Amino acid sequence: ELKVEQNPLFLSMQEGKNYTIYCNYSTTSDRLYWYRQDPGKSLESLFVLLSNGAVKQEGRLMASLDTKARLSTLHITAAVHDLSATYFCAVDGGNQFYFGTGTSLTVIP
Amino acid sequence: DAGVIQSPRHEVTEMGQEVTLRCKPISGHDYLFWYRQTMMRGLELLIYFNNNVPIDDSGMPEDRFSAKMPNASFSTLKIQPSEPRDSAVYFCASSRNRGYEQYFGPGTRLTVT
């Protein structure tokens, strides 16, 4: 079974700071997704990464994929309070989709 | 488009009762997914369909769970009989194809007492 590990699980950061969330997975895949979930809400797609070296950016968030290292990163630049949420990575493992444990981000004013 | 529609939004039932959750995917999306989210186990894929055909149901916890997709615009997830450990939020999602983002519905919060 494919395993997807995110770290950190919890992240508290000040507004204006930068930080990176890491997503490691245990088997070969070239399809990785990032989602955001606000408390009590559904999941919202952020990025779809489909090849080694893929990089996508939207606002203060940038995601990248290294399929050889089986690693994806979600970089947050100059955090603002509105980014407080739980972030999930998900990997397409062939017949199954596996979600990471999630990273709960709190941005402190 | 209205997005993925799920009903009911909340369901409270007693142990042993049958529960049916409903989902209408986004029109034109060929894939439909059922997920369960709990604090203990996180987000788990239960089953998914491609063009109304079940592709992988290895995530379905046991025989008490069943899912159907009789047509491209409707799917059900049924639990019979329900147990307290089935309490969770159940999400339905759809996507245009593999390699595309999944659009999640608002979820059904199920409580089994």
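As the structure is a prediction and not an experimental result, all values here were calculated from the model. (Residues numbered from 1 in each chain as written. Chains lettered and ligands numbered in written order. Predicted model: local features only at pLDDT ≥ 70, side-chain atom pairs only at ≥ 80, totals over all residues. Heavy atoms only, no water.)

What follows concerns the sheet that holds strand S3 (residues 19–24) of chain B. All names here are of chain B. Spatially, four strands are ordered S1-S3-S8-S7 in an open sheet, and the strand pairing comes out antiparallel. Across the chains shown, the open sheet's two edge strands, defined by having one partner strand only, are strand S1 (5–7) and strand S7 (65–71). Neighbour-to-neighbour, the strand axes of this sheet turn through a mean angle of 15 degrees, independent of strand direction. Bridging between S7 and strand S8 (residues 74–79) involves five bridges; their strand directions are antiparallel. Looking across to S8, one finds that Asn71 is bridged to Phe74. (Pairing = 2+ DSSP bridges. Helix = DSSP H or I, 4+ residues; strand = E, 2+ residues; numbered from the N terminus. Axes fitted to C-alpha atoms, helices over the stretch in contact; angles between N-to-C directions.)

Residue and element names in this part refer to chain B. Counting buried residues along strand S9 (residues 88–95), eight of its eight residues qualify, which places the element largely inside the surrounding structure. Side-chain alternation along S9 places Ala88, Tyr90, Cys92 and Ser94 on one buried face and Val89, Phe91, Ala93 and Ser95 on a second face that is also buried. Sheet analysis places strand S4 (residues 31–38) next to S9, joined by seven bridges and oriented antiparallel. Paired with Leu32 across the bridge in S9 is Ser94. Taken together, the three bridges between S9 and strand S11 (residues 108–112) define a ladder with antiparallel strand orientation. Counterpart to Val89 in the pairing with S11 is Arg109. Pairing analysis gives two bridges linking S9 to strand S10 (residues 103–104), with the strands arranged antiparallel. Directly across from Ala93, in S10, lies its bridge partner Phe104. (Buried < 20%, exposed > 50% of the residue type's maximum accessible area, 1.4 Å probe, protein only.)

Honestly, it's all geometry; don't read function into it.
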